[in-house]
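Listed here are the chains, written in short residue letters.
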Amino acid sequence: MYILKVHKKISLSVTFKEFITLFFVGITFAVSSIALFAALKYIDSGIACTIVFVYPVIVALIMTLFFHEKLTKTTVISIACAFIGVALLNYAGEMHTGGKFLGFIFSLCGAIMYALYMIFVKTIKNIKHMQPEKVTFYVMLSGTVFYFICLRFGLDFQLLTNPNQWLYVLGLAIVPTIVAIETVNVAIKLIGATKTSIIGALEPLTAIIVGVLVFGEQISLFNMLGFLLVITGIFLVVRK
């Protein structure tokens, strides 16, 4: 990310107050990622990603309750669709039992933390006018520091022992992280934030398809109905 910033000739200088704010915001982003990875240990990737992607609806709900945004019929319908969809996913996946319930909670925590991240970036005066690339750089930097602390300052760090592991880690670091973030920035400039967000809401569908075709995950009628309701709620609130 630093190389990209140098290439684009973007200044990375911030005040101490801005740095503390960015560090705090970056932790919310990091926790959302940790929660998703934790959820994947207990429930299917398609269900976990669908629950996490309820975050636009949670953003709308928080902005209505705490930032006095107008509550419209569209917002009410989107919230209802999303939460009924999540309830169906919970019922279909029997996530009220055993470890699956833990996976459900982790996914929901991931959605809430990512929603808070989006709200902080949008509302905090210190950073809402910053260049997106600068915010991304410090968010990823603070996330790295946070992960290091969570690993007991490196004591729990696990070395990669074979080429496949290095390949998987590099794949995660480059394709769904750096490439994804940069292409989203480009997409926002070309087609706007709304259309980009709507297309981005199809990510759970990708997770479901890959989970079924590659990892042999099962999908039921209730799963599909819950997924469609969640996507409808996301589409409505993002479109608004």
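Preceding block: the structure.
Our subject in this report is the structure included herewith. (Residues numbered from 1 in each chain as written. Predicted model: local features only at pLDDT ≥ 70, side-chain atom pairs only at ≥ 80, totals over all residues. Heavy atoms only, no water.)

## Some details on the environment of Phe37
Inclusion rule: By the criteria applied, helices consist of DSSP H or I runs no shorter than four residues and strands consist of E runs no shorter than two, each listed in order from the N terminus. Type-normalised accessible area, obtained with a 1.4 Å probe on protein chains alone, sets the label of each residue: buried when under 20%, exposed when over 50%, and partly exposed for intermediate values.
With respect to the helices, strands and loops of the structure, Phe37 is situated in helix α2 (residues 16-39). For Phe37, a relative accessible area of 51% puts it in the exposed group. Once the C-alpha coordinates of Phe37 and Ala48 are considered, the two residues, 11 residues apart in sequence, prove to be 9.2 Å apart.

## Regarding the environment of Leu116
Counting through the fold element by element, Leu116 comes out in helix α6 (residues 98-123). C-alpha separation for the pair Leu116 and Ile62, spaced 54 residues apart in sequence, amounts to 8.7 Å.

## Some remarks on the side chain of Thr21
Heads up, the rule is: Distance and chemistry together define a polar contact, namely a pair of N or O atoms within 3.5 Å, with one atom able to donate a hydrogen and the other to accept it when in protein, and with adjacent residues in sequence counting only for side-chain atoms on both sides. Contacts: residue pairs with any heavy atoms within 4.5 Å of one another.
Note on placement: Thr21 falls in helix α2. You can call Thr21 buried: its relative accessible area is 13%. A polar contact is formed between the side chain of Thr21 and the backbone oxygen of Lys17, at a distance of 2.9 Å. If we ignore the near neighbours within four places in the chain, the residues touching Thr21 are Ile124, Asn126 and Ile127.

## Describing the nonpolar core
Filter applied, for reference: Here, nonpolar core refers to any group of buried Ala, Val, Leu, Ile, Met, Phe, Trp, Tyr and Cys residues whose side-chain atoms link them within 4.5 Å.
Grouped together as the largest cluster of nonpolar side chains are 29 residues, with contacts concentrated most on Val54, Val57, Ile58, Val230 and Ile234. Listed by contribution, the elements that provide at least two residues to this core are α3 (45-52), α4 (55-66), α5 (73-92), α6 and α11 (221-239). Top contributing element to this core by residue count: α4, with seven residues.

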